[in-house]
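Residue strings, one per chain:
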Amino acid sequence: MSAYEERNVEPPTTESGDVDGDAIEELLGDHVLDREDHLNADAYVVRADAVQDVLQTLRDEAGFDHLSCVTAEEHEDRFESIYHLKQYDDPTNEVSVVVPTSREEPVSESAAPVFRTADWHEREAYDLVGVQYEDHPNLERILLPDTWQGHPLGLDYNQDKPQIVTFEENKNPLEDHARGGEDSDTMYLNIGPHHPATHGVLHVETVLDGEQVADVNPDIGYLHRCEEQMAQKGTYRYQIMPYPDRWDYGPGGIINEWAYARAAEDLADIEVPEYAQVIRTMGAEMCRIACHLLATATFALDLYGDFTAIFMYGMRDREVVQNLLEDLTGQRMMFNYLRLGGVVWDIPEPREEYFENVRDFLDDLPAKLDEYHDLITENEIFQSRCVDTGYLDPEVAKDYGVTGPVARGSGVDYDLRRDDSYGYYDELEWDVVTEDGGDNFARLLVRMREIEESARIIEQCVDLLEDWPEDEREIQANVPRTLKPEAGKETYRAVEGAKGELGIYIRADGTEKPGRFKIRSPAFSNLSALQEMSTGEYIPDLVATLGSLDVILGEVDR
Amino acid sequence: MSSDQPRDSITGTSEPLTDTREARMGEGVDSRFNSKLREAFGSTPFILTKFDKFMNWVRGSSMFMLQFGIACCSIEMMHTYSVKHDLDRFHAGVPRASPRQADVMIVPGTIVSKFAPRMKRVYDQMPEPKFVVNMGNCSTSGGPFQEGYNVVKGAEEVIPVDIHIPGCPPRPEALVYGVAKLQERIANGESSPVTVKPYELEEFGDLDRDELVQKLADDIDEETLVMRYNWADSP
Ligand code: SF4
């Protein structure tokens, strides 16, 4: 079966609709060594040389077509790689595959031939933790420089060791094998890491054949700020929460915080009061609007190449959202507003005034969006830049673990707010936006229409909050000062970030700090599909595609 | 009044316009030229000053920034450039994409080991005289990520810096203030002293032959430029 064919297999389920663990164990046969219970799903411990078999079986015969994350970690006695699998049609169907390897020889089979997305995830696991993947197409460091010594998330890494980083011109990777050596007429082009079109510090190694892109390889890691290490050094209750704000600084702050909160609340068994959930939902959607406005503004900046009206309009409208968020949280970007079990404080007083401001913003929005449509989507020049460029096939998208507006722009109907509902989303009325185009234009349209949906959600939240009886406004559950989830508890939980599925894996080790904290970044997976979308197209289309992916490097590199 | 209904004043007579202009100018010589500056000069249109001083004043009053985004702070930097905060009001608002056309570099974000050599190169490509504004805690000291294994503890480890703006991220107002302070310094002819920085680009062959260098000797050519991080000595 080719990797890109559509599959219509459903996972075996029990009568209550959950995934049937025993049936899956049977399906995998004697590859299974053991079973573990993770909070989010059943986990099967399998042999290190059967990874491809197991994943292929799970994909083709049980319908788990979304490899959402690969976590690697080092224990006292072994290395472990955990593959978190889901189903695009119903992400509540989850299963984890745990692959232990010995400490002396941490070699396990690569999943990249089965899921393309495993390519980058395993490179990261190799880079930071040091697990070797056999049969991997290109097992190199991805976040740290090639000459780095040691694996920083390993147990015996010494952070004070000196390191040497080279500054070299990059070579033409196609020179020898693809374009006939000496007479090669391809040209190697470095885009970035300092380049206006890369949205930060991304380096795109591009090989051009005339004006056409022959090959492209995003080189990331120029903003690898050790977010996972920082989280592993912090205590659950207070010290971790400020960091999520700095992953997707679009600012997806509240959404990111929610990702951490959701995982940690799951781990520590905390119920969040309904009132707080409504506030969270409202805040998260404001963040989403700000993110999508930024994406639209910078996309136009990429295409028009200058600080034109549309960029300024985007910034103007973001100022309004940022003011609302500042009133709510106290900061313009780095909110640190969520707490485990709720939010830090209530809507600012006077409440009526705040709600009025929010409503004013919502009332102005439709006219503003019309303006955007006038300026960009109806502009012929703009259309010719993005209609039918950067095409991403839905099945290819799934293979690369693509989520969020990028997936929805290819017609993949996947939105965790609806499919794996959290917060207050399932009580509200809103629609998941999809477009079938699969091109740059479709992705832009998805974002712009999502702004409208987010506005709908905010409006309903404001209605609810306004009428909420005063004595039931509970903003935080009762959470102990120090949290020490039981050792060995593991969970992987995701929320729908502005860029897609933002997942957190936490393993508790019995202390008040996580034993392992892994961030599944949507932009990381989305960016890995760039090659698929741009090869064979013109170089200006590559820039457009990059813009429409809306990567935030803080989130890609973490 | 909406713009799709033409105003009388434009389609009809030009009188209102002339009236306004005359009312504004008053009689006699156009008083708009009688600025404070002019008053200070007295009746002569010539001024006598040191050429250096004049150049410094010009430099401070016409700065081209490098369009340079690194991390979260760059979002606030974009806000500073655009409507509402509009850095252009302070003669510093046109970001240039090429370092060769820029004279001020705002460093808006965390600098990590892989990026520092590139940033050094971008800085080297800017023509003299050049100035650096550190925006945010990260570029000042590593900020919230200071303890990270991969994070350079501030841009000052790599390039000379004139102004530090604290905050995470600093508000646009703070950035405007920082830039204004820089202009003041430039006008006074001050700039940060150029000193040897802890981290420099060197040829690999020039490094002391210690254990690490021996180990990498097969992978790196003698002439390759490298940056060596001595994390243990970092602040
Ligand atoms: S100072 Fe704060 S806002 Fe600025 S780059 Fe660092 S973490 Fe981001």
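Residues numbered from 1 in each chain as written. Chains lettered and ligands numbered in written order. Predicted model: local features only at pLDDT ≥ 70, side-chain atom pairs only at ≥ 80, totals over all residues. Heavy atoms only, no water.

Novice: Hey, could you run me through the pairing of strand β4 (residues 131–135) of chain B in this one?
Specialist: Consecutive side chains of a regular strand alternate in pointing toward one face of the sheet and then the other. Residue and element names in this part refer to chain B. Of all the five residues making up β4, five are buried; the element is thus mostly covered by neighbouring parts of the structure. The alternating pattern of β4 places Phe-131, Val-133 and Met-135 on one face and Val-132 and Asn-134 on the opposite face, and all of these are buried. Where strand β3 (residues 104–107) meets β4, four bridges bridge the pair, whose relative direction is parallel. Each residue of the ladder has a partner; that of Met-105, found in β4, is Val-132. (Buried < 20%, exposed > 50% of the residue type's maximum accessible area, 1.4 Å probe, protein only. Helix = DSSP H or I, 4+ residues; strand = E, 2+ residues; numbered from the N terminus. Pairing = 2+ DSSP bridges.)

Novice: What exactly am I supposed to notice about the sheet that holds strand β10 (residues 203–209) of chain A here?
Specialist: The strands that make up a sheet are held in pairs by hydrogen bonds between backbone atoms, and each pair lies either parallel or antiparallel. All names here are of chain A. Taken together, three strands build an open sheet; the order of strands is β9-β10-β11 and the sheet is antiparallel. The sheet terminates laterally at β9 (186–191) and β11 (212–219), the two strands that pair on one side only. Strand-to-strand twist in this sheet, taken as the mean axis angle between neighbours without regard to direction, amounts to 20 degrees. Examined bridge by bridge, β9 and β10 share six bridges and lie antiparallel to one another. Counted as the bridge partner of Asn-190 is Glu-205 from β10. Together, β9, β10 and β11 form the strand contacts of helix α16 (residues 539–549), whose direction differs from that of β10 by roughly 155 degrees. (Axes fitted to C-alpha atoms, helices over the stretch in contact; angles between N-to-C directions. Contact = heavy atoms within 4.5 Å.)

Novice: Explain the site of the ligand here, please?
Specialist: In the region of the ligand, 15 residues are neighbours, and Cys-72, Cys-73, Asn-137, Cys-138 and Cys-168 of chain B sit closest. Among the chains of the assembly, those with residues near the ligand are chains A and B. The site holding the ligand turns out to be the second largest cavity. Ranked by residues supplied to the shell around the ligand, first place goes to helix α7 (residues 136–141) of chain B with three residues. A breakdown of the residues in the shell around the ligand according to their chemical character gives nine nonpolar, four polar and two charged. (Near = heavy atom within 4 Å. 1 Å grid on protein atoms, 1.4 Å probe; cavity = no way out; pocket = protein on both sides within 12 Å on 5 of 7 lines; lining within 4 Å. Sits in = over half its atoms within 2 Å of the grid points. Nonpolar A, V, L, I, M, F, W, Y, C, P; charged D, E, K, R; others polar.)

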